[in-house]
Amino acid sequence: MKLAVEDLNVTFGSGQDRVDAVKDVSFGVEANTSFGLVGESGSGKSTVLRAICGLAPVASGRIAIDGRPVAGFRDPAFVKQVQMVFQDPYGSLHPRHSVDRTLSEPLAIHRMDDRHARVERALIDDVGLDASFRYRYPHQLSGGQRQRVAIARALILEPEILLLDEPTSALDASVQAEVLNLLMRLRREHELTFVMVSHDLAVINHMCERLMVMQHGETVEELNRAALADHAVGQDYTRSLLKASEGFQR
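Model, not experiment: these values are computed from the prediction. Starting afresh in each chain, residues are numbered from 1 along the sequence in its written order. Residues qualify for local features only when their pLDDT is at least 70, as the model is predicted, and side-chain atom pairs are given and counted only at 80 or more; totals for whole chains, interfaces and linings, by contrast, use all residues. The side-chain numbers reported here are obtained from all heavy atoms of the structure, hydrogens and water having been left aside.

Participant: How should the sheet that holds strand S2 (residues 19-29) be read in this particular structure?
Facilitator: Sheet strands pair via backbone hydrogen bonds, and the direction of the pair is either parallel or antiparallel. Each pair of strands is called paired provided DSSP finds at least two bridges between the two strands. Put simply, DSSP H or I for four residues or longer makes a helix, DSSP E for two residues or longer makes a strand, and each gets a number counted from the N terminus. With respect to topology, four strands assemble into an open sheet ordered S2-S1-S4-S5, the strand pairing being antiparallel. Strand pairing shows two members of the sheet lacking a second neighbour, S2 and strand S5 (68-70), which therefore form its edges. Mean inter-strand twist for the sheet, computed between neighbouring axes without regard to direction, equals 20 degrees. Summarising the sheet, strand S1 (residues 3-12) and S2 pair through seven bridges and their orientation is antiparallel. Residue pairing across strands places Val10 opposite Val22, the latter belonging to S2. The contact definition used throughout considers only heavy atoms, calling two residues in contact when any of these lie within 4.5 Å. In this analysis, axes come from line fits to C-alpha atoms, helices being fitted only over the stretch in contact, and the angle between any two N-to-C directions falls in the range 0 to 180 degrees. In the packing of helix H1 (residues 45-53) onto the sheet, the strands contacted are S1, S2 and strand S4 (58-65), and the crossing angle to S1 comes to about 105 degrees.

Participant: Even after reading the chapter, I still don't get the nonpolar core, so can you show me in this structure?
Facilitator: A general tendency of soluble globular proteins is for nonpolar side chains to be buried together. Take the buried Ala, Val, Leu, Ile, Met, Phe, Trp, Tyr and Cys residues and link them wherever side-chain atoms come within 4.5 Å; each set so joined is a nonpolar core. Each residue is placed in one exposure class: buried if its accessible area under a 1.4 Å probe, protein chains only, is under 20% of its type's maximum, exposed if it is over 50%, and partly exposed if it falls in between. If you look at the biggest cluster of nonpolar residues, it comprises 48 residues, and the most contacted ones within it are Ile151, Leu162, Met196, Met207 and Leu211. Not counting the four nearest positions on each side in its chain, Met207 is found in contact with Ser34, Leu180, Leu183, Met184, Phe194, Met196 and Arg225. Counting 30 residues, the second largest nonpolar core, distinct from the first, contains Leu3, Val29, Leu49 and Met84.

Participant: Can you help me understand the environment of Arg115 in this one?
Facilitator: Examined against the element boundaries, Arg115 turns out to sit in helix H5 (residues 115-126). For the pair Arg115 and Gly28, spaced 87 residues apart in sequence, the C-alpha separation works out to 34 Å. Excluding its chain neighbours within four sequence positions, the residues that come into contact with Arg115 are Leu107 and Ala108. Polar side-chain contacts of Arg115 include one of 3.3 Å to the backbone oxygen of Met112. Under this definition, polar contacts are N or O atom pairs within 3.5 Å; protein pairs additionally need one hydrogen-donor-capable and one acceptor-capable atom, and for neighbouring residues in sequence, both atoms have to be side-chain atoms.

If you want it as structure tokens, here you go:
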């Protein structure tokens, strides 16, 4: 499915307390491709994802899926098409819900059949956890295992677009690569469209064919992977992100 965001503005508060978190941001993502939003903390990139999902107030602009505008309450059809994986696996899973309940609940809400088979497929085939994890609770899982459960929950409704809000930043460095490679495999197998947020250009370069750099809620520039690899960037801010990313890699 194709995603389009046009002239998006997100505003919090009013008067002296008004914060313009996203300002006239536009981009398009073709079906079965991956697009990255990158920038430092507070640049508005996560707010863009939340606006797409209906979790942030859209002041103006247009969001469309396959040309159909999306606004207001996100109905069940939208939820089945678009799912989000949040940054913190410690906070995104209900502490008193077992893995089985976490994965079964969306199926029950959307009245999908074959729940047992769907849960096992999501848990075992998709994210590589064996059946023994099905009745464990979040406190019995490592950070990487929790994020795998969160990914399984996002996939269980068989969406076509996956929004990824820094899905590895809360994980140990040794686990980050495993989760990123898992996501790449799932995108190929499920023919998913990805929109991924990160502050790390190296991660975005690894995961995404195209990317948009954001600062202070605005678009700085849009690049493809080849331009990023060749350092063919036009803005000083992007160059500073590249320099910081290379310094970290060393």
